[in-house]
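Each chain is listed here by its residues.
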Protein chains: 2
Amino acid sequence: MRATTIHGTRDVRVEDVPDPAIRRPTDAIVKIAAGCVCGSDLWPYRGENPIQAGSTIGHECIGVVEEVGAEVSDFRPGDFVIVPFCTCDNSCPHCLAGVQSACVNLGMTASGQGEYALVGQADGSLVATDGVPDPELFASLLALSDVMPTGWHAAVSAGVTAGGSVVVVGDGAVGLCGVLAASVMGAETIIAMSRHESRQQLASAFGATHIVAERGREGAKAVKEITGGVGADAVLECVGTDDSMGAAFAVARPGAMVGFVGVPHGVELPVRKMFQKNVGLRGGIAPVRRYLPDLLDLVVAGRIDPGRVFDLTLPLEEAPEAYRAMDERRAIKVLLQP
Amino acid sequence: MRATTIHGTRDVRVEDVPDPAIRRPTDAIVKIAAGCVCGSDLWPYRGENPIQAGSTIGHECIGVVEEVGAEVSDFRPGDFVIVPFCTCDNSCPHCLAGVQSACVNLGMTASGQGEYALVGQADGSLVATDGVPDPELFASLLALSDVMPTGWHAAVSAGVTAGGSVVVVGDGAVGLCGVLAASVMGAETIIAMSRHESRQQLASAFGATHIVAERGREGAKAVKEITGGVGADAVLECVGTDDSMGAAFAVARPGAMVGFVGVPHGVELPVRKMFQKNVGLRGGIAPVRRYLPDLLDLVVAGRIDPGRVFDLTLPLEEAPEAYRAMDERRAIKVLLQP
């Protein structure tokens, strides 16, 4: 099949690779209807994470079940499914406690930027739609494989409540989905920290009530003014750098919680400040499978349209351009069509 | 008056100092019936926090209101009161949100190891008992000025729930009060990590169902065995060192929360591990005033007896011996009688 592979820093290619095959009886193979590039793919792309040269890349997709292993009982070829980026048995103690991203059988969807994806723990991981969905819904369904549940997890972790105030640090696709999550949860004040006009516009469309373009001290000052001098009840950290984490703690009111979903890179947590202000931190890899059924209902009912984060659609063969566009922040998130 | 003062590392004295005087119209002066040494007093005693040589020390006490400032309306001379170690107006946005320890008028009770204490924001801070209490209750009432609300705050911050599993790291007075808090909250499994027999016994009396004497990897292994291989739902970190924080994260199950109340000294938080396991951290300086009324009810009703953490009572003049006994871990916590 054709699939995207990574060979080095800023070197991704679309190549012929062997078709994925069932390795375990709990596996499934999904023929991809739409895949995409994840913000976290940019870490290896930029040379900041180690890679195995020539390996396939991509872990988010939707599509049609092509083949299932002998122990897969809930899915059969032809089912249209959403594929979570992390796979789980959905039955171990951690899954039952809602932390499917720490499943004892945790895995990662493979070759999601190709023609076929290999999905482990299919029964525990996949969620089927009711028949083949309208292609107009594809983008929003694809967003459910990672970016929307991740933004949702930031909001859940931060303890967003109806009527409360929320700051979202990060205007990537996850941050924008965090804005959407806070809006669905009924937050009254939603402040998106963003300097990019197209992202500001989408944040507003997703429910942001305020945009703060300033960073650092000026940004914190602006948030304080909006929140009556108090700071935000809940803060969503959706980047993962030391600067963004610092910004998150700077805008949190005493007693607030920072929900973090950006994979931390070089972050040193301000433990004494956390102690003095009673500001907590919670989050991590999103337990996609936990949120997927409810989020699917919201998409199908037309209540959320997270697919709007895809502001560029390219054929699979142009995956290298998809990476460039995201790396250079010309695109928020790129959908790839096999 | 006579009061305890600190002059240098392991140099505390009981000396004549000027009587405290009302400085602000919201102040009160309390004639101390019982004071005590706090675990946090050991940091300056051991030379690990800067001090001002000759200053009074001590911030926990109970006693009788002696004098009030012109703007104090809820208390009058003769009232028997519990004095929180941190004082607050109990009316600012942070207080109203239950974070009285971040009050915009936050202060610290002064000269609590003396004959008279100076208490700021008296109306917002003090809580009166119903008449002069039975002296047999003094120890438990004194525990309400810091150590019991702090253990309680650890349990609240860690999200202890009825039926859940809890690990308490630290067998000082705060940790032991954390065990008591978890017990009142209905936790089913309460694991106290302690190597000292007298503290193990008190932990059991306070409701610990298991004692783990091992530390490091062995300690984490023991907790895992007790919790069926899963780890604890909630962890109370009641020490404040890097080792104790590491122990707390090592025993937390994925999705758990670590509640921390030990003033952090040299702590580096394991942010990547927190992310991978979705283990959160929340806590800080305890908002004593928030919990005081309810905890007072529990003490008066005989439902909790946190005063048992005082395993040594000395006259005020022997404050230096009180410090030595706690420094050398011969005593859990020492009550001082003026």
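Everything here concerns the structure above.
In this report, we go over the structure that sits alongside the text. Nothing here was measured: the structure is a model prediction, and the numbers come from that model. (Residues numbered from 1 in each chain as written. Chains lettered and ligands numbered in written order. Predicted model: local features only at pLDDT ≥ 70, side-chain atom pairs only at ≥ 80, totals over all residues. Heavy atoms only, no water.)

1. Let's talk about the interface of chain B and chain A
At step 1: Contacts between chain B and chain A engage 34 residues on the former and 34 residues on the latter.
At step 2: Around 2,800 Å² of area is buried between chain B and chain A when both sides are counted, 68% of it from carbon and sulfur atoms.
At step 3: Among the residues chain B hides against chain A, the three largest losses belong to V271(B), F275(B) and N278(B). Together they make up 24% of the total.
At step 4: At the boundary of chain B with chain A, the tally comes to zero salt bridges.
At step 5: Between the two partners, chain B and chain A, sit 15 residue pairs in polar contact (both at pLDDT 80 or more).
At step 6: Contributing elements (two or more residues each) for the side of chain B that touches chain A: α2 (93–96), β15 (252–260), α10 (271–277) and β16 (280–283) of chain B.
At step 7: Per-element tally for the side of chain B that touches chain A: the top contributor is α10(B), with six residues. (Contact = heavy atoms within 4.5 Å. Buried area = accessible area lost by both parts, 1.4 Å probe. Salt bridge = Lys/Arg side-chain N within 4 Å of Asp/Glu carboxyl O. Polar contact = N/O pair within 3.5 Å; in protein donor to acceptor, adjacent residues only side chain to side chain. Helix = DSSP H or I, 4+ residues; strand = E, 2+ residues; numbered from the N terminus.)

2. Focus on the environment of D327(A)
Residue and element names in this part refer to chain A.
At step 1: In this structure, D327 sits in helix α12 (residues 319–327).
At step 2: On the basis of relative accessibility, which here comes to 14%, the residue D327 falls in the buried class.
At step 3: Note: C-alpha distance between D327 and A182 (145 residues apart in sequence) is 27 Å.
At step 4: Aside from chain neighbours lying at most four places away, what touches D327 is R10, L42, Y45 and R46. (Buried < 20%, exposed > 50% of the residue type's maximum accessible area, 1.4 Å probe, protein only.)

3. Quick notes on the relation of the copies chain B and chain A
At step 1: Superposing chain B onto chain A takes a rotation of 180° plus a shift of 0.0 Å along the axis, which leaves an RMSD of 0.0 Å. The superposition of one copy onto the other is thereby described by a two-fold rotation axis. Taking the C-alpha atom as reference, chain B places L281(B) closest to the rotation axis, 2.7 Å from it. (Least-squares fit on C-alpha atoms with pLDDT ≥ 70 in both.)

4. Concerning the side chain of T109(B)
All names here are of chain B.
At step 1: Locating T109 in the fold gives a position in the loop between β8 (107–108) and β9 (116–119).
At step 2: Since its relative accessible area comes to 3%, T109 is described here as buried.
At step 3: One polar contact links the side chain of T109 to the main-chain carbonyl oxygen of P84, over a distance of 2.8 Å.
At step 4: Other than its neighbours up to four places away in sequence, T109 contacts G58, H59, V83, P84, F85, T87, A117, L118 and V119.

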